Amino acid sequence: MSFNQKSEENAETRTAPILVTGGAGFIGSNFVLDWLATGNSPIVNLDKLTYAGNPENLAAVEDNPGYTFVQGDICDAKLVPRLLEKHRPRAIVHFAAESHVDRSIHGPEAFLRTNIDGTFTLLQAARTYYASLTGEEREHFRFLHVSTDEVYGTLAPNDPAFHEDTPYSPNSPYAASKAASDHLVRAWVHTYGLPAIITNCSNNYGPYQFPEKLIPLMIANALKGKPLPVYGDGQQVRDWLFVLDHCRALRTVLNQGRIGETYNIGGNNQRANLDVVHTLCALLDELVPASPHKPHAQLITYVQDRPGHDRRYAIDARKIQGDLNWFPEESFETGLRKTVEWYLANATWVEHVTSGAYQHWVTQNYSGREAAVSAEGAR
Ligand code: NAD
Ligand code: DAU
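The following refers to the structure shown. Since we're looking at a predicted model, the values are computed, not measured.

Comments concerning the packing of helix α8 (residues 214-224) against helix α10 (residues 273-287)
Part 1 of the reasoning: Packing of α8 against α10 leaves a shortest axis separation of 10 Å and a crossing angle of 40°. With respect to each other, α8 and α10 are oriented oblique. In terms of crossing hand, the pair formed by α8 and α10 is right-handed. Of the residues in α10, those in contact with Leu214, Ile215, Met218, Ile219, Ala222 and Leu223 of α8 are Asn273, Val276, Val277, Leu280 and Leu284.
Part 2 of the reasoning: Looking at the contact of α8 with α10 residue by residue, the class counts come to ten nonpolar, one polar and no charged.

Right, here's the structure in full:
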């Protein structure tokens, strides 16, 4: 094969789309927007549009010819293989999940279904699809499983941070379901040779995060003068990462990560929850000087602790830094300021997700999966 022929083939492989699942959620929509903005290949987004999936997040790329949206469930064992056959992606980036720990405590069923059964369905379809690939398509295909540091359990104050070899010890139904999905991915690599990679990331924050999670909830409540509910003593520690740093890490792993490896991703920003809430209140005092609720810290209210609440998470990210040269660009201070500014500039978005208005938008535009799939088929 001549050099020119080879580079044409490479170019073809690069223009094949990638398939993301859960691309209308918080991290997924940041990833899709960033992917298209940085001129990568086309992207197909398979999302069920649960309460956490919001097509408004992706309004900016709706008419982009490189973007295809499919409303559907990753548990649908007919739909997923059909999509792989039709779009022939060069990679799958698997975000779709039930993601909120509190919801998993009140109703674990959906977590087991989507996070475990859904991942299983996707792995089976990916395995069949991978078996049909040859040459460069086969060589370059990757399945990237986006997971969490919560699989490792909880740390005492002086414990070393989670390392890739830290034993799994999940404590919440959410964490257990993600741990199960990680184990499935690992087994599909070792048993069937699926070229998969797992990432385990710490707490993300940034634009488009649903205001059930700590940071957007506190911003939304403070702006309305509502109580800021701090669980227990507020001394639980999380290790925060700006969402676009996570997206960049995922792109790096997708391009350079080694098959069968896991990579921990984190920004080395350990903070006690109460400190995070105080910092947010101070930022709001500064950025909304006319707020009738100033000082916002007066809204802090201690409430009953989350059952089984993990005390501390911390990520040792030396592997991804050393092997793949990924480093976060945002400090917690700059990232948090950008986040507060984004929520202030996007009050309508917050209003829509809290009122459920975006779900009416969904109903109007996609009346069920079949309609959405045919909308996708029309592209
Ligand atoms: P999210 O809850 O904001 O979004 C989840 C998305 O998945 C939504 O768009 C939802 O509609 C979709 N979805 C849910 N069930 C589905 C199904 N059965 N079929 C198709 N789509 C479905 O979640 P997020 O915070 O963006 O997290 C994305 C991924 O990253 C998850 O796998 C999560 O475990 C992982 N993760 C999140 C964080 C974090 O701090 N948010 C940190 C580390 C890892
Ligand atoms: O560590 C990664 C994980 O981070 C992800 O895998 C999850 O999908 C994501 O939801 C997040 O889980 P947490 O449980 O850490 O996030 P949450 O925002 O729900 O809570 C952060 C901390 O704040 C946690 O210690 C609980 C506390 N908290 C949370 C809420 C919603 C409060 O004190 N008050 C609150 O109202």
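Topic: the sheet that holds strand β10 (residues 262-265)
Sheet strands pair via backbone hydrogen bonds, and the direction of the pair is either parallel or antiparallel.
Part 1 of the reasoning: Judged by pairing direction, the sheet is parallel, and its seven strands sit side by side in the order β3-β2-β1-β4-β5-β6-β10 without closing on themselves. The open sheet terminates on both sides in strands that have one partner only, identified here as β3 (67-71) and β10. On average, each strand axis in the sheet is tilted by 20° relative to the strand beside it, whichever way the strands run.
Part 2 of the reasoning: Note: strand β1 (residues 18-21) against strand β4 (residues 91-94), four bridges, orientation parallel.

With respect to the site of ligand 1
Part 1 of the reasoning: Every one of the 28 residues lining ligand 1 counts as a neighbour, but Ile27, Asp47, Ser99, Tyr174 and Lys178 are closest to it.
Part 2 of the reasoning: Lys48 has a polar backbone atom sitting 3.0 Å from a nitrogen atom of ligand 1.
Part 3 of the reasoning: In the environment of ligand 1, a nitrogen atom lies 2.9 Å from a nitrogen or oxygen atom belonging to the side chain of Asp73.
Part 4 of the reasoning: Expressed as a share of its isolated accessible area of 840 Å², the protein-covered part of ligand 1 is 96%.
Part 5 of the reasoning: Among the secondary structure elements, those contributing two or more residues to the shell around ligand 1 are α2 (26-37), β5 (142-148), α7 (173-192) and β7 (203-205).
Part 6 of the reasoning: Among the elements that take part in the shell around ligand 1, β5 stands out by supplying three residues, more than any other.
Part 7 of the reasoning: Partitioned by chemical class, the residues of the shell around ligand 1 number twelve nonpolar, twelve polar and four charged.

Parameters at a glance
- Residues numbered from 1 in each chain as written.
- Chains lettered and ligands numbered in written order.
- Predicted model: local features only at pLDDT ≥ 70, side-chain atom pairs only at ≥ 80, totals over all residues.
- Heavy atoms only, no water.
- Axes fitted to C-alpha atoms, helices over the stretch in contact; angles between N-to-C directions.
- Helix = DSSP H or I, 4+ residues; strand = E, 2+ residues; numbered from the N terminus.
- Parallel < 35°, antiparallel > 145°, perpendicular 65-115°, else oblique.
- Left-handed = near helix turned anticlockwise from the far one by under 90°.
- Contact = heavy atoms within 4.5 Å.
- Nonpolar A, V, L, I, M, F, W, Y, C, P; charged D, E, K, R; others polar.
- Pairing = 2+ DSSP bridges.
- Near = heavy atom within 4 Å.
- Polar contact = N/O pair within 3.5 Å; in protein donor to acceptor, adjacent residues only side chain to side chain.
- Areas by Shrake-Rupley, 256 points an atom, 1.4 Å probe, with all protein chains shown as cover.

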